[in-house]
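# Secondary and tertiary structure notes
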Amino acid sequence: MAGGDLKLARPYATLAGTLDKALLEGLTKMGFEYMTPVQQKVLTELPTLSSDCLVQAKTGTGKTAAFLLPTIQNLLQGNIPPRGKVGILVLCPTRELALQIAKECDQITACLPRKMECHTAFGGTARASNLKKFLGGSPTILVATPGRLDDILGEKEVRDRFDSIKTVVLDEADRMLDQGFAPQINSILKRIPPKSDGWQGMCFSATLPDRVNDVVKCVLFPGYTSLSTIDPNEAPTVANVPQFSITVPSIKQTFAALYVLIQSEHKQNPKDFKAVVFGTTANGVGLLYDLFQNLLPQFKTFELHSRLSQTSRTKTTNQFKDAASGILFASDVVGRGMDFPNVGLVIQLGLPSSTEQYIHRVGRTARAGKDGRAVMVLFENEAFFVNVNKTLPIKPYPAEIISDLTQYNPTIEQGFMGVDEEAKAKAYQAFLGYNKTYLKKLRLDAKGLVQLANQYAEAMGCPEPPLIEKRTVGKMGLKGVPGLRIGSRREEAS
Ligand SMILES: Nc1ncnc2c1ncn2[C@@H]1O[C@H](COP(=O)(O)OP(=O)(O)OP(=O)(O)O)[C@@H](O)[C@H]1O
C-alpha cells in the first residue's frame, strides 16, 4: 500500500503498549504493517481513545480501521461491558457496508483470547432470525443500518442490551446526518442511553460539508476533536485519479458513448479490467446491465441496486470483491464506503445527486494507494455539473470518441432488441422521477422533461413512450403535461 494519498505513516509495531498485542497480531495477519495517515492521526492525536471526534480522510484510506481500533482498544482497557451488552454501535448507510465493516472487525479481533462478537442488523434479512441471533448471542459490537436498528429497538429486550454503550460511530457521517436518515438516527438516540451518560461519539467521512457541523452535536460533545488528512487547498477526490467528462449533444447518444468509452478504456488497460459504472436510478442501472450483456458479451458483468433481493446483492458484492476483472453496473447503493479491490475505472452516467456523491463514487477506485481513472458521461443539459464544480479536477475526455457516435446507432438498437419492454418502461419512469428533482439545474420545464424522457425511450428502441399510470404521473407532479401516454401497462400487455 503506497503512493498517492497514502504516503505511509508509522509501522503499527510502534504502537506496542498502546494497542493490545492481540490487536497488533490481527493487523499483521491482515497485512496492515503500516498505519495509514488517518489511522495514525486518530491513534496518536486524539486526547484519549474515548474522545469524541469528527474525522475526515479521503476515500479508500483506511477510515474503517481508524474507528474500530481505538474503540475496541478502549473496551480492552477496562471498559468492556458485561457479557452480551453492546459496547460499540457503528451506524452506516447501506447493508453491504455493514457487512463489510463487520468482516473487518472480525479480522481485527481474530486473535483476542476472549472472542469479541460483532453482529449486524440491516434490512432485507429476516427480522425474526436477525433478532434471535442478536438476543441469543453476546454482541459486544453491533454494525447496523438505521432502519432495522430503529425497528428492533422497539423491543425492550433489545434496548436493555444497550444500557452499557461506550461508543457510537457514524460512518459516512454526512450521509447519516442528512434529512434522509436524520429521523431514524434521532429515534435511535432517544432509545439508547442519553449522550449525558458519557458515551463516546465518532463521526467519519471523506466529505464533511459545512452543514454537518450543525447536526453532529446530537452525537458529539461540544469541544470534540476535529482531525483531517485532507489539505483544504487540494482536490477533495483521491489524488492519483485522472478525471474526465464526456458531454454528448443529447440523451440519445449516451448509450453509444458508454459503449465506445468502455472499449476505449479497456484497450488502454486490457489486463484485469475491473470497472464500476454508476447510473442514477436502480431501474436505469438494471437497463444498462441488460443492454451491455448483449452489447459487450466479452466482459463479465454484474449488477447491484435496490431492485434486487438482499441475497443477490450480497452474493454479487462478494463476487465482484473477488473478481479479477469485470464490469459492475451499480446505483448509489454502493456509491459510498464499499471496498472493491483493484477497481481501475469508475464511470458515472448521468448527473450525480451531489458533489459529495460524485467524490464518493470516484472513491471506489484508487483505493489503498492504488491508481485509478474516472470518467463521467453527460448530455448537454447536465454539462453544468463540471462548470459548477471547479474544485474537481475534471478534464474533457482526451479521445475524440464522441466525434461520430451515430455510426453506432444500429449496434445500440440491436442491443436493445434483447431488452424486455417492461425493463425499458421502468427505466423510463425512473428517469422521469429522478430528473424531475433537477428541473432547475437542467434548465427544463415539465414539458421539456417529458420530451427528454421520450427521447430516452426512443434511444431504447421504444416505438412510442411507455405507458405510465395516472396515479404515478400525479405523484410526480406531471399531471396534464403533454407527451405522456397515460394508462396501465398491465392492461396493454393483456
Ligand atoms: N493500514 C493499512 N495497511 C494496508 N491496507 C489497509 C490499511 N488500512 C486499510 N487498508 C485497506 O485499504 C482499503 C480501504 O480501506 P477502507 O475501506 O477502510 O477505506 P475508507 O477510508 O473507509 O474508504 P471510504 O471513504 O470509501 O469509506 C481496504 O481494502 C483496507 O483493507
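Residues numbered from 1 in each chain as written. Predicted model: local features only at pLDDT ≥ 70, side-chain atom pairs only at ≥ 80, totals over all residues. Heavy atoms only, no water.

Helices and strands together make up the secondary structure of the protein, namely 21 helices and 16 strands. Within the span of the protein, comprising 494 residues, buried residues form 57% of the whole. Long-range pairs, those at least 24 residues apart, make up 77% of the contacts in the protein with a sequence separation of at least 6. The protein carries 58 positive and 48 negative side-chain charges, and their two centres are separated by 3 Å. (Helix = DSSP H or I, 4+ residues; strand = E, 2+ residues; numbered from the N terminus. Buried < 20%, exposed > 50% of the residue type's maximum accessible area, 1.4 Å probe, protein only. Contact = heavy atoms within 4.5 Å. Lys, Arg positive; Asp, Glu negative; His and termini not counted. Charge placed at Lys NZ, Arg CZ, Asp CG, Glu CD.)

Take the sheet that holds strand E10 (residues 301–304) next. Pairing is parallel in the open sheet, where seven strands are placed in the order E10-E11-E9-E12-E13-E8-E14. Only two strands of the sheet have a single partner each, and these edge strands are E10 and strand E14 (394–396). Looking at each pair of strands side by side, their axes are set apart by 25° on average, direction ignored. Note: strand E8 (residues 243–248) against E14, three bridges, orientation parallel. Residue pairing for E14: phenylalanine 244 is matched across the bridge by lysine 395. Taken strand by strand, helix H13 (residues 310–322) contacts strand E9 (274–278), E10 and strand E11 (326–330), and its axis lies near 135° from that of E10. (Pairing = 2+ DSSP bridges. Axes fitted to C-alpha atoms, helices over the stretch in contact; angles between N-to-C directions.)

Entries for the protein in the domain assignment read domain 1 (12–228), domain 2 (237–417) and domain 3 (421–493). Centre-to-centre separation of domain 2 and domain 3, based on C-alpha positions: 24 Å. Approximately 1,700 Å² of surface area, both sides summed, lies buried where domain 2 meets domain 3, with 68% of it carried by carbon and sulfur atoms. Sorting the residues of domain 2 by area buried against domain 3 places Ile251, Lys252 and Asn381 first, and these three jointly supply 29% of that buried surface. (Domains from an automatic or database assignment. Buried area = accessible area lost by both parts, 1.4 Å probe.)

It is worth spelling out the site of the ligand at this point. In the vicinity of the ligand there are 19 residues, among which Tyr34, Lys63, Thr64, Asp339 and Arg367 approach most closely. A distance of 3.2 Å separates an oxygen atom of the ligand from a polar atom in the backbone of glycine 62. Within the contact set of the ligand, an oxygen atom lies 3.3 Å away from a side-chain nitrogen or oxygen of glutamate 172. The fraction of the free accessible surface of the ligand (630 Å²) that becomes covered by protein chains is 90%. Looking at the shell around the ligand residue by residue, the classes come out as five nonpolar, eight polar and six charged. (Near = heavy atom within 4 Å. Polar contact = N/O pair within 3.5 Å; in protein donor to acceptor, adjacent residues only side chain to side chain. Areas by Shrake-Rupley, 256 points an atom, 1.4 Å probe, with all protein chains shown as cover. Nonpolar A, V, L, I, M, F, W, Y, C, P; charged D, E, K, R; others polar.)

Another aspect to go through is the packing of helix H1 (residues 21–30) against helix H4 (residues 95–108). Between H1 and H4, whose axes approach to 8 Å, the crossing angle comes to 120°. In terms of orientation, H1 lies oblique with respect to H4. Contacts from Ala22, Leu23, Gly26, Leu27 and Met30 of H1 reach H4 at Glu104, Gln107 and Ile108. (Parallel < 35°, antiparallel > 145°, perpendicular 65-115°, else oblique.)

With that settled, consider the packing of helix H11 (residues 254–268) against helix H16 (residues 409–417). Running from N to C, H11 and H16 cross one another at 100°; their axes reach a closest spacing of 10 Å. In terms of axis orientation, H11 runs roughly perpendicular to H16. Residues Phe255, Ala256 and Tyr259 of H11 lie in contact with H16, whose contacting residues are Thr411, Ile412 and Phe416. Here the residues of the contact of H11 with H16 are counted per class, giving five nonpolar, one polar and no charged.

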